[in-house]
Amino acid sequence: QVQLVESGGGLVQTGDSLRLSCAASGRTFNWYTVGWFRQAPGKERESVAAVGWNGAFIHYADFLRGRFTISRDNGNKTVYLQMNSLKPEDTAVYYCAAGRVDIRAGADEYDYWGQGTQVTVSS
């Protein structure tokens, strides 16, 4: 069993940076792929980034254009999403998810989810 808790969201201005954290518990977490997803009101949940169990395999959504970086610290059982050059269109609830899945897996393939953290980017 894996439990995930996101943190680090907030209200920022266009161009600002945030670092989201996904803190995990569970013996098997370090063997799981972890993905970040986001969902804005009225929109479908979309994949942001994912990192494999050892950090060697990483996938980013095309829309990021180099602005975000995903990383993980298995010693602390934490996955991070560094978000730079934030734009209003990045406004969403950001979720982390874990599972024994490929880094390109969709949301419906993940087994464990956090509660989400709100990111709001003002113009």
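None of these values were measured; they are calculated from a predicted model.

What follows deals with the pairing of strand β5 (residues 46-51). Taken together, the 5 bridges between strand β4 (residues 33-39) and β5 define a ladder with antiparallel strand orientation. Bridge pairing in β5 links Arg 38 to Glu 46. In this antiparallel pair of consecutive strands, β4 and β5, the connection spans 6 residues, and Gly 42 shows a positive phi of 80°. Relative to strand β6 (residues 58-60), β5 runs antiparallel, the two being bridged by 3 bridges. Its bridge partner lying in β6, Ala 50 is registered against His 59. As consecutive antiparallel partners, β5 and β6 are separated by 6 residues, and within that stretch Gly 55 has a phi angle of approximately 80°, a positive value.

The next subject is the environment of Gln 1. Counting through the fold element by element, Gln 1 comes out in the segment before β1 (3-7). Judged by relative accessible area, which is 74%, Gln 1 ranks as exposed. It is 19 Å that separates the C-alpha atoms of Gln 1 and Asp 73, two residues lying 72 residues apart in sequence. Those residues in contact with Gln 1 that sit more than four places away from it in its chain are Ser 25, Gly 26 and Tyr 112.

Okay, the nonpolar core next. Ranked by internal contacts, the top residues of the largest apolar core, which has 29 residues, are Trp 36, Leu 81 and Tyr 94. Broken down by secondary-structure element, the contributors of at least two residues to this core are β3 (18-25), β4, β5, β7 (68-73), β8 (78-83), β9 (92-99) and β11 (117-122). Counting 7 residues, the second largest nonpolar core, distinct from the first, contains Phe 37, Val 101, Ile 103 and Tyr 110.

Take the packing of aromatic side chains next. Inspection of every chain in the model, using the stated rule, returns 6 aromatic pairs. With 5.3 Å between their ring centres and 80° between their planes, Phe 37 and Tyr 110 make a pair best called edge-to-face. One end of the pair, Phe 37, is in strand β4; the other, Tyr 110, is in the loop between β9 and β10 (112-113), and 73 residues separate them in sequence. In terms of burial, Phe 37 and Tyr 110 fall into one category: buried. Measuring from centroid to centroid gives 5.1 Å for Phe 37 and Trp 113, while their planes differ by 50°, and the two rings are tilted. Taken as a pair, Phe 37 in strand β4 and Trp 113 in strand β10 lie far apart in primary sequence, 76 residues in all. Each member of the aromatic cluster is reached from another via a ring pair, and the members are Phe 37, Tyr 95, Tyr 110 and Trp 113.

Rules of the game
Residues numbered from 1 in each chain as written. Predicted model: local features only at pLDDT ≥ 70, side-chain atom pairs only at ≥ 80, totals over all residues. Heavy atoms only, no water. Pairing = 2+ DSSP bridges. Helix = DSSP H or I, 4+ residues; strand = E, 2+ residues; numbered from the N terminus. Buried < 20%, exposed > 50% of the residue type's maximum accessible area, 1.4 Å probe, protein only. Contact = heavy atoms within 4.5 Å. Core = buried A, V, L, I, M, F, W, Y, C linked by side-chain atoms within 4.5 Å. Phe/Tyr/Trp six-rings, centres within 6.5 Å; stacked < 30°, edge-to-face > 60°.

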